[in-house]
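Inside the fold
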Amino acid sequence: MNRRKSIKTIALSAVIPTVMWKGTVLPNTLSQAKPLRKPAKTSVFKSGWQDWPDMPWTGPEYWGNRLQDWQVRQGKAVCVVSAPNRTLHCLTTQLPDKPAAFQTSVTLTPLNPQAAAGAYAGFRLGAKGHFPDYRSAAVFGEGLDAGVNAGGRLFIGDKIYEEPVLAKGPIHLQLEATPTSEGYQLRLTGTDPANKQSRVSFTTEAAADRLAGNIALVAHVAEAQASENPSVAFTDWTIQGTLHQDDEQVLGPICFAQYTLHGGSLKLTAQLAPIETIAGHEVALQVREGKQWRTVQQSPVDTLGRVARFKVENWPYKDKLPYRIRVNLPLPQGKREYFYEGTIAKEPLSADQVKMAVFSCNADYGFPDNEVAPHVLKHQPDLAVFLGDQFYESTGGFGIEKAPLERAALDYLHKWYMFGWSYRDIFRHIPAAFIPDDHDVYHGNVWGEGGKDAPTDQGWGYEAQDQGGYKMPPEWVNMVQRTQTSHLPDPYDPTPVKQDIGVYYTAWNYGGISFAILEDRKFKSAPKNVLPQEAKVVNGFIQNPEFNIRAHYEVDAHLLGKRQMKFLSDWASDWKQGTEMKAVLSQTNFCTVATLPKGE
């Protein structure tokens, strides 16, 4: 048994990541992130929703806040809720830093006649996020809003044109921006499409820096009047002039993919946009042999998690090999073909050291984390592991939506897509393992107790999770696990736990190293259920400073559960398949000292 193998890690964790390598710390460069823009030139963008069938997604050129709030219906982009600050960003087109003439137009149809006077719809100009990147702007962008309010009056920013009032029906909005010595002159015009003579127009000024950035559609209804009623439908959106335009700045229909090699088998999961309702869609895994692409497998799309899963036994390739996911979509105007490319890496069996990039606790404070992927990739890791909290409930800025199931799934995907948008280039060309942790399933902490239901009738927070189990429905939990873990080697024992929740704990042998991938949370006992009531447990912590824990060492509690303990026993003694070293991957550490601060 050769024990010469070792692991070097590139470790990133705890919200704002820092890169550690050979004892040195690379500086965090959040403030130094550079915009990814092509030079401004004369360009034209036109929406194409009329070419798509009805679906819970608006297409690859757009980012909706939130994902579940925007759909294509009858050839229009519809905001399907009435709520604050709903935006639909054009990803491929940005307004330039230096003043240059442009114009944008759209036809909008108000759908909620009960919307109060403070509601409005139209454009968001010069949307900027926390960092100079179109993705940051798409998620967090604030800018200059211009459009028509629920009273039928045109507005630009805080300037409202009082008279005349536009009709309540469809309105064609056009905004023209003309450079001046001070910045821009803006002219907003509203027209009744059925009566071109019914036309309202007004003009105002804007500073140049207010318009640089993303351009989006906006639908806003105050929180006090929020409802599940659709608010507005948009069609025929155009942007033209001197613009930054990059057709590669899209997301979907293939968002990203992750894979593992184990025991001669390849497992790969492709994360897709919500295209499952498009009749006749096809998703295939292809590899490049010489100059030709060969289809290896086709896969259906999971209707909740929107993933396509591939498993290829007896993977015959020893050297690195280009792969791609191909999606064919038969649309009303003809079939469209999309690709996402990556590499199946050569397994580092003969290397003395294997470099592993380790991640956890990824909040959105640094999104899209431009400083992470380039720094990590410079070290050329052989594999990557993401050990939980791929996002937090606050990711994206809207909290969580827990029900109904379909909207809750799209709410999860909104956050999961953000994670992939940031990190996909790290695991595009190397294998990766993922372990969902508590925040991935909308918990502050999880004591799974074998998959039981955590009752939420008395509250969603500590009241529920301290009782043990999962707060979200089992179908939703399984969906999360499919998106994050279905590319892992097959489970050691696939028998589901309570509520028919699946398991994924397994061994992954790669590069001469055998990893035990554990589910630290799923079988763990809830402290409140195994300690006396006098301990006053809240969020797993004993709150009573007078409680004598020494008297309760022998509690009937589980950490990993009997099934995983059996797995670990077998795994620890199995050194076959060229294993030279072993390592455990877990969501949390097994031994810690937790204290209650004085006065708490």
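Structure shown above.
The structure contained in this document is the topic of the report that follows. (Residues numbered from 1 in each chain as written. Predicted model: local features only at pLDDT ≥ 70, side-chain atom pairs only at ≥ 80, totals over all residues. Heavy atoms only, no water.)

Observations concerning unusual backbone geometry
Note the following rule: Numbering of helices and strands runs from the N terminus; a helix is a DSSP stretch of H or I covering at least four residues, while a strand is a stretch of E covering at least two. Here's how the labels work: a residue is buried when its accessible area is under 20% of the maximum for its type, exposed when over 50%, partly exposed in between, all with a 1.4 Å probe on protein chains only.
Along the chain, Gly-252 connects to Pro-253 via a cis peptide bond; the corresponding omega equals 0 degrees. Backbone torsion omega between Phe-367 and Pro-368 reads 5 degrees, so that peptide bond is classified as cis. Within the fold, Pro-368 resides in the loop between β26 (353-359) and α2 (372-378). Backbone geometry at Asp-389 places phi at a positive 55 degrees, although glycine is not the residue there. Residue placement: Asp-389 occurs in the loop between β27 (383-386) and α3 (405-427). Taking relative accessible area as the criterion, Asp-389 reaches 5% and is therefore assigned buried.

Focus on the side chain of Glu-449
What counts, and what does not: By the convention used here, residues are in contact when the closest approach between their heavy atoms is within 4.5 Å.
With respect to the element layout, Glu-449 can be found in the loop between β28 (432-434) and α4 (462-465). Residue contacts for Glu-449: discarding those within four places in its chain leaves Gln-467, Gly-468, Gly-469, Lys-498, Lys-522, Phe-523, Lys-524, Ser-525, Ala-526 and Asn-529.

A closer look at the packing of α3 against helix α5 (residues 474-485)
When two helices pack together, you describe them by how their axes are tilted relative to each other and by the distance separating the axes. The cut-off we apply is this: As a rule, the C-alpha atoms of each element are fitted with a line to give its axis, helices using only the stretch in contact, and angles between N-to-C directions run from 0 to 180 degrees. Here the word oblique covers every angle except those under 35 degrees (roughly parallel), over 145 (roughly antiparallel) and from 65 to 115 (roughly perpendicular). Helix crossings fall into two classes, left-handed where the near helix is turned counterclockwise from the far one by less than a right angle and right-handed where it is turned clockwise.
In contact at an axis separation of 10 Å, α3 and α5 are set at 30 degrees when each is read in the N-to-C sense. Taken together, α3 and α5 sit at an angle that is classed as roughly parallel. Seen from above, α3 lies across α5 with right-handed handedness. Facing Leu-405, Ala-408, Ala-409, Tyr-412 and Trp-416 of α3, the residues of α5 in contact are Glu-475, Trp-476, Met-479, Val-480, Thr-483 and Gln-484.

Focus on the environment of Gln-50
Within the secondary structure, Gln-50 sits in the loop between β4 (41-46) and β5 (62-65). Overall, the relative accessible area of 43% leaves Gln-50 in the partly exposed class. In this structure the C-alpha to C-alpha distance between Gln-50 and Gly-75, which are 25 residues apart in sequence, comes to 3.8 Å.

In short, the description is geometric, and any link to function would need to be established separately.
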